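Listed here are the chains, written in short residue letters.
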Amino acid sequence: MKKSSWKMKFGLGLIILSAIIYIIHYMTFKDAHHIFVFLLEDIAFIPIEVLIVSLILHRILEEREKQHMLEKLNMLIGVFFNEAGTKLLKTLVMSDSRPDYICSFFRDIQDWNDSDFKNKSKLLNEEFQYDIDIDKVDIGKFANLLRSKREFLLGLLQNPSLLEHETFTELLTAVFHLEDELHHHTNYDDLTKEDYEHLKGDIERVYPLLVREWIVYIKYIKNNYPYLFSLAMRYNPLLEKCNM
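Okay, so let's go over this structure. (Residues numbered from 1 in each chain as written. Predicted model: local features only at pLDDT ≥ 70, side-chain atom pairs only at ≥ 80, totals over all residues. Heavy atoms only, no water.)

Some points on the packing of helix H2 (residues 32-94) against helix H6 (residues 150-157)
Selection rule: Lines fitted to the C-alpha atoms define the axes, with helices restricted to the stretch that makes contact. Angles between their N-to-C directions range from 0 to 180 degrees. The helix count covers DSSP runs of H or I at least four residues long, the strand count covers runs of E at least two residues long, and both are numbered beginning at the N terminus. Any angle that falls under 35 degrees is termed roughly parallel, while one over 145 is termed roughly antiparallel, one within 65 to 115 roughly perpendicular, and all others oblique. In this description, contact between two residues means that some pair of their heavy atoms is separated by no more than 4.5 Å. Residues were grouped as follows: Ala, Val, Leu, Ile, Met, Phe, Trp, Tyr, Cys and Pro as nonpolar; Asp, Glu, Lys and Arg as charged; and all remaining residues, including Gly, as polar.
Between H2 and H6, the least distance of the axes is 11 Å, while the angle of their chain directions is 170°. Between H2 and H6, the crossing angle belongs to the class labelled roughly antiparallel. For the pair formed by H2 and H6, the contact residues are Leu76, Val79, Phe80, Glu83 and Ala84 on the first element and Phe152, Leu153 and Leu156 on the second. Each residue belonging to the contact of H2 with H6 can be placed in one class, and the counts come to seven nonpolar, no polar and one charged.

See the structure below:
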């Protein structure tokens, strides 16, 4: 109520000020015809002014809202990788059957520019080959890792901001499906060959989504937070096996 009352008083004050200025104009020049001509001209231009100002202001506010949403989303994605994503990615990279292929593709990632990120991302989506050696995955340890992060991941999934980020939501959905599959097994020592093949498929569904989101996040922090990028490169999960 106070806010509306302030606006009404402000608007009324402007109208009164305008009337006073017109009165002073008339008392000075005694030319009502001149006043009404320009008054009607100004009134006729008001719709155009409203249109122009509305479009410009709407575009500016829309762009600011978009940037604010992007900042918030990337903060959430950063929290995800700090809390769980980096550990998951490290585990999957260590289980990849072709470490040399991973190393050669990502070895110079710290030097990528925007064009490199674009080209490499395209290759990741179209040509990059992900191949998990399921025998290298400690299923019990991996299941415990996912189980320990379940509440955290549920909290992320319930965040309305992430509804605007389809690819990250897709990643979280794939991770939850994998965690559910592992949850249904009570004894990982009794897994059959079919169980391993099924889990391999679920893991390889998560793997490329995780890599893709990590690359997008790394590009963002390189352009906006160099100190976070420097830290991420020192503990780069994609190059973990290259240093062994």
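What to know about helix H3 (residues 99-106)
Operational definition: Residue burial is assigned from relative accessible area. The probe radius is 1.4 Å, only protein chains are included, and a residue is buried under 20% of its type maximum, exposed over 50%, and partly exposed in between. Each C-beta atom gives one direction from the helix axis, and the arc is the one those directions make.
Ile102, Cys103, Phe105 and Phe106 are the residues of H3 that are buried. Seen along its axis, H3 keeps its buried residues to an arc of 170°; they face one direction. For H3, the exposed residues lying more than 90 degrees away from the buried face are Asp100 and Ser104. If you follow the buried residues of H3, they end up packed against H2, helix H4 (114-126) and helix H8 (193-224).

As for the packing of aromatic side chains
Worth spelling out the cut-off: Two aromatic rings, drawn from Phe, Tyr or Trp (for Trp, its six-membered ring), form a pair once their centres lie within 6.5 Å of each other, and the interplanar angle then sorts them: stacked below 30 degrees, edge-to-face above 60, tilted otherwise.
Enumeration over the complete set of coordinates arrives at 14 aromatic pairs. Centre to centre, the rings of Phe105 and Phe106 are 4.8 Å apart; their planes meet at 65°, and the pair counts as edge-to-face. Among the residues examined, Phe105 registers a relative accessible area of 10% and is labelled buried. Taking relative accessible area as the criterion, Phe106 reaches 0% and is therefore assigned buried. Through successive ring pairs, a cluster of aromatic residues spans Tyr101, Phe105, Phe106, Trp112, Phe117, Phe128, Tyr130 and Tyr207.

Let's talk about the pattern of salt bridges
It is possible for side chains of opposite charge to pair when their charged atoms get near one another. The condition that has to hold: Should a side-chain nitrogen of Lys or Arg be within 4 Å of a carboxyl oxygen of Asp or Glu, the pair is scored as a salt bridge.
Throughout the structure, instances matching the rule amount to eight salt bridges. Among the salt bridges present, the one from Arg212 reaches Glu170, with a minimum N-O distance of 3.5 Å. In this pair, Arg212 sits in helix H8 while Glu170 sits in helix H7 (residues 166-183), placing the two residues 42 residues apart along the sequence. Under the relative-accessibility criterion, Arg212 is labelled partly exposed at 23%. The exposure class assigned to Glu170 is partly exposed, which follows from its relative accessible area of 42%.

What to know about a nonpolar patch on the surface
Going by this rule: Like charges are joined within 9 Å and nonpolar side chains (Val, Leu, Ile, Met, Phe, Trp, Tyr) within 5 Å, but only among residues with over 30% relative accessible area and no salt bridge; these make up the patches. Per-residue and other accessible areas were derived by the Shrake-Rupley procedure at a 1.4 Å probe size, with only the shown protein chains allowed to occlude residues.
Judged by side-chain polarity, Phe45, Ile48, Leu51, Ile52, Val53, Leu55, Ile56, Leu57, Ile60 and Leu61 come together as a nonpolar surface patch covering roughly 930 Å² of accessible area. Considering the arrangement of structural elements, one finds Leu57 in helix H2.

Examining the nonpolar core
Cut-off, in case you're wondering: Think of a nonpolar core as a cluster: buried Ala, Val, Leu, Ile, Met, Phe, Trp, Tyr and Cys residues, connected wherever their side-chain atoms sit within 4.5 Å.
Counting residues in hydrophobic clusters, the biggest one holds 59 residues, and the most contacted among them are Phe106 and Ile215. Counting residues per element, the ones that place at least two in this core are H2, H3, H4, helix H5 (139-148), H6, H7, H8 and helix H9 (226-234). The element that contributes the greatest number of residues to this core is H8, accounting for 13 residues. Apart from the residues within four sequence positions on either side, Ile215 is in contact with Phe106, Ile109, Trp112, Phe117, Ser121, Leu124 and Leu238.

By themselves, these are just geometric observations and shouldn't be taken as functional.
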